[in-house]
2 protein chains.
Amino acid sequence: MRTFVAVVGTGRFQDAAADLSITQQAVSKRVAGLEKDLGVRLFIRTARGARLTIDGQAFLPHARELLRAAERAVASVLPGSRPLRVDVIASRLAASGLMRGFHRAHPEIELDVVMLFDIETALDAIRSGAIDASFRAVAVPGRPLPEDIESVRVLDEALQLLTGPAHALAGARSVTVAQLAGHRIWMPGIVPGTEWAAYYDDLVAEFGLTLEATGPNFGSDALLDTIADTPALATFMGERTRLVWPADHGLRRIPVTDPTPVYPHSLLWRRDNPHPALATLRAHLAATAAGHDAAGIWAPGWVIPR
Amino acid sequence: MRTFVAVVGTGRFQDAAADLSITQQAVSKRVAGLEKDLGVRLFIRTARGARLTIDGQAFLPHARELLRAAERAVASVLPGSRPLRVDVIASRLAASGLMRGFHRAHPEIELDVVMLFDIETALDAIRSGAIDASFRAVAVPGRPLPEDIESVRVLDEALQLLTGPAHALAGARSVTVAQLAGHRIWMPGIVPGTEWAAYYDDLVAEFGLTLEATGPNFGSDALLDTIADTPALATFMGERTRLVWPADHGLRRIPVTDPTPVYPHSLLWRRDNPHPALATLRAHLAATAAGHDAAGIWAPGWVIPR
DNA sequence: GAGTACGCACAACTCCTGGTTGTGTTCTAA
DNA sequence: TTAGAACACAACCAGGAGTTGTGCGTACTC
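Residues numbered from 1 in each chain as written. Chains lettered and ligands numbered in written order. Predicted model: local features only at pLDDT ≥ 70, side-chain atom pairs only at ≥ 80, totals over all residues.

A. Molecular detail of the overall build of chain A. The number of helices and strands found in chain A is 10 helices and 13 strands. For chain A, buried positions account for 34% of its 306 residues. Across chain A, every contact between residues at least 6 apart in sequence was considered, and the portion connecting residues at least 24 apart equals 74%. (Helix = DSSP H or I, 4+ residues; strand = E, 2+ residues; numbered from the N terminus. Buried ≥ 20, exposed ≤ 12 C-beta atoms within 10 Å, placed from the backbone. Contact = placed C-beta atoms within 7 Å.)

Printed below as a string of structure tokens:
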């Protein structure tokens, strides 16, 4: 591909060869090989150089795109000036949505999103510089943040109940936490040992709910399918989470009150991280941050107060 | 890259090797080579397979994107079900803008845009199946369209005068063709022998204008630069053509009247071309087609009437 | 807690790919 | 007609990428 683009750029096999520091014959072989693989002729050879065929013209932008993709791939792991690398909690919550919003607002900023196992892993990765920032609930019970890590609360996301149309609560405009006792709430994909699991453990302990985390996580499609079809099951979902759901299969989102459980999202980063895009991300989140009134909400006691 | 993605997919070097029909050792070597080239570790090897490192997680989407780009590149020249391939006239006219509009309306349709030399080349390419359609002014003087080629007029684009702020006509709200006599109009990049050149030849002959096509075409940036800075020069530009011009350097677009020269764009295609996207393109153009009232416009006599 | 099975890495070897040098062919311009 | 420019073909060579064979570490099992 590189050779093909080089020939297009110079218009001559010879000059491309010089650019690539190989012989003209090698260029000829490479192009011939590419043409053979593709099954089409890419250049019209003339006595004054090489012109693109129509197939070559159609192929060219794709070849350039491939080279750009290769560059971005290399850049994504290049120590030094690599893209901003942010860890988001793997859940049906809004963190990845916030990053999508940031990307829309700053499409010029190269961004890589990863999902780490839990906050301990994330903190290690932040301290080692493997990632630049992390969206998490700060912190795990009983363990304060290390002092070289900074954090700022960026979003309190209320949890809503998601039910199918045949669920007993499907018609409710809102439900209280007390009303949820006795109903089966299905939360597959919660990994024990994560701060997300700790959050729901506390929720269960405090209000006597019935959460089932059984079964493997087949992805959100399968979850929504099951919820829609099973009258006895409901699940929790962040109010900001966008569902990818074909039109309307009758799924209901029902606000939870008395109190409203909120999942507190914080951004964590290392105090001395010099990545220029990190400041942009923090500014963006500060501008779009949203919380809830302290009254009537619930969060685990170990959450750092706003 | 393919090997890397295969290992991610299976979670085990062995299984990836089976998928790729090579040995586990070869997979190990490939991954080790990639890691060496990149300078980072991509997998954490365990006794139960291989997990991605953080770098590996960041790298993965880029690797997938690269493979998709490679697939699209191959597809672009694959005989049979390749993307719709459309030729647009290389000029400061609206044809490429129309294709951008089509792409916006139908982003799911794969599209390749090429620029052929002239309408003769385009007709040959249409007949041979090398391209599916062409935006052109039909036809060259004195030569009718072959009968296996269909055409439909999709856009009459009025020409406007483009001047810098210091040009003598810069303040005019509109100019007549007669007023243009004596002014130097600069049209670099017109290739002699094309139907575009024929159009301007006719325009010059009929109204006694002074068109200068001298000098190489350094691209539209250089052209606009020169126009903005040179009081004695102006150029023609299609009314629909979008300028890529930083904010406002004082360039003026001035409608031309008495009569208004219009450049007639037609879509040409081979009657028996079965490409499904071709019908979509024709429908899109029919829906967005725009013309001018016949009164007060000018086009060369050899243009096929609407 | 020892044995075993599994999974990846290393070593040695082979072969083919991809490079080089040398030469041929074709087109163009003087 | 001839000289030069540009790409293709042929022969050759080296290194890379594959194979087989083996070793080592880890985790499951009895």
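B. Highlighting the protein's contact with DNA strand D. Lining the immediate surroundings of DNA strand D are 22 residues, of which F13 and S28 of chain A together with T23, Q25 and A26 of chain B lie closest. Those elements that provide at least two residues to the surface near DNA strand D are α2 (13-20), α3 (24-38) and β2 (49-52) of chain A together with α3 (24-38) of chain B. Taken together, the residues that form the surface near DNA strand D break down as 7 nonpolar, 9 polar and 6 charged. (Near = placed C-beta within 6 Å. Nonpolar A, V, L, I, M, F, W, Y, C, P; charged D, E, K, R; others polar.)

C. Region of interest: the protein's contact with DNA strand C. Looking at DNA strand C, there are 21 residues lining it, with T23, Q25 and A26 of chain A together with F13 and S28 of chain B nearest. Sort the elements by how many residues they give to the surface near DNA strand C and α3 of chain A lands first, with 5 residues. Looking at side-chain class alone, the surface near DNA strand C contains 7 nonpolar, 8 polar and 6 charged residues.

D. Representation of helix α10 (residues 276-288) of chain A. Residues and elements named next belong to chain A. Between its first and last C-alpha, α10 extends 19 Å over 13 residues, near the 18 Å set by a 1.5 Å rise per residue. Among all positions of α10, only A277, L281 and L285 are buried. The arc enclosing the buried residues of α10, seen along the axis, measures out at 75 degrees, which places them on a common side. Projecting away from the buried face of α10 at angles above 90 degrees are the exposed residues P276, A279, A283, A286 and A287. (Expected span 1.5 Å × (residues − 1). Arc of directions from axis to C-beta.)

E. The arrangement of the relation of the copies chain A and chain B in detail. The two copies are related by a screw operation: chain A maps onto chain B through 180 degrees of rotation and 0.0 Å of translation along the axis, at an RMSD of 0.2 Å. The two molecules are tied by a two-fold rotation axis, judged by turn and shift. For chain A, the residue whose C-alpha comes nearest the rotation axis is L66 of chain A, separated from it by 3.1 Å. A shared binding surface is used by both copies, with 100% of the interface residues of chain A retained as interface residues in chain B. (Least-squares fit on C-alpha atoms with pLDDT ≥ 70 in both.)

F. Layout of the pairing of β2 of chain A. Residue and element names in this part refer to chain A. By the bridge criterion, 4 bridges tie strand β1 (residues 43-46) to β2 in an arrangement that is antiparallel. When the bridges of β2 are listed, I44 appears paired with R51. Connecting β1 to the next strand, β2, in antiparallel fashion are 2 residues. (Pairing = 2+ DSSP bridges.)

G. Summary view of the pairing of strand β12 (residues 260-270) of chain A. Residue and element names in this part refer to chain A. By the criterion of burial, β12 is predominantly enclosed, with 11 of the 11 residues buried. Burial of the side chains of β12 extends over both faces: T260, V262, P264, S266, L268 and R270 are buried on one face and P261, Y263, H265, L267 and W269 on the other. Summarising the sheet, strand β5 (residues 133-136) and β12 pair through 4 bridges and their orientation is antiparallel. Across the sheet, S134 pairs through a bridge with L268, a residue of β12. Across 9 bridges, strand β6 (residues 149-163) lies against β12 in antiparallel orientation. Bridge assignment links E150 to a residue of β12, and that residue is W269. Inspection of the sheet shows β12 paired to strand β13 (residues 297-298) by 2 bridges, in the parallel sense.

H. Layout of the interface of chain A and chain B. Contacts between the two partners involve 24 residues from chain A and, on the opposite side, 24 residues from chain B. Looking at the side of chain A that touches chain B, the elements that each hand over two or more residues are α4 (54-75) and β4 (111-114) of chain A. No other element matches the 14 residues that α4 of chain A contributes to the side of chain A that touches chain B.

I. Layout of unusual backbone geometry. Here the residue pair D258 of chain A and P259 of chain A is connected by a cis peptide bond, since its omega of -10 degrees sits within 30 degrees of zero. Even without glycine at this site, D258 of chain A takes up a positive phi of about 55 degrees. Counting through the fold element by element, D258 of chain A comes out in the loop between β11 (252-257) and β12. One non-glycine residue, S21 of chain B, adopts positive backbone phi at about 60 degrees. Looking at the element boundaries, S21 of chain B is found in the loop between α2 (13-20) and α3. S21 of chain B sits in the exposed class, given 7 other C-beta atoms within 10 Å.

J. Focus on α3 of chain A. Residues and elements named next belong to chain A. The terminal C-alpha atoms of α3, which comprises 15 residues, lie 21 Å apart, in line with the 21 Å expected from a rise of 1.5 Å per residue. Of the positions making up α3, those classed as buried are V27, R30 and V31. Projected down its long axis, α3 shows its buried positions confined to an angular sector of 90 degrees, all on one face. Within α3, the exposed residues directed more than 90 degrees away from the buried face are Q25, G33 and K36.

This is a description of form; function is not addressed.
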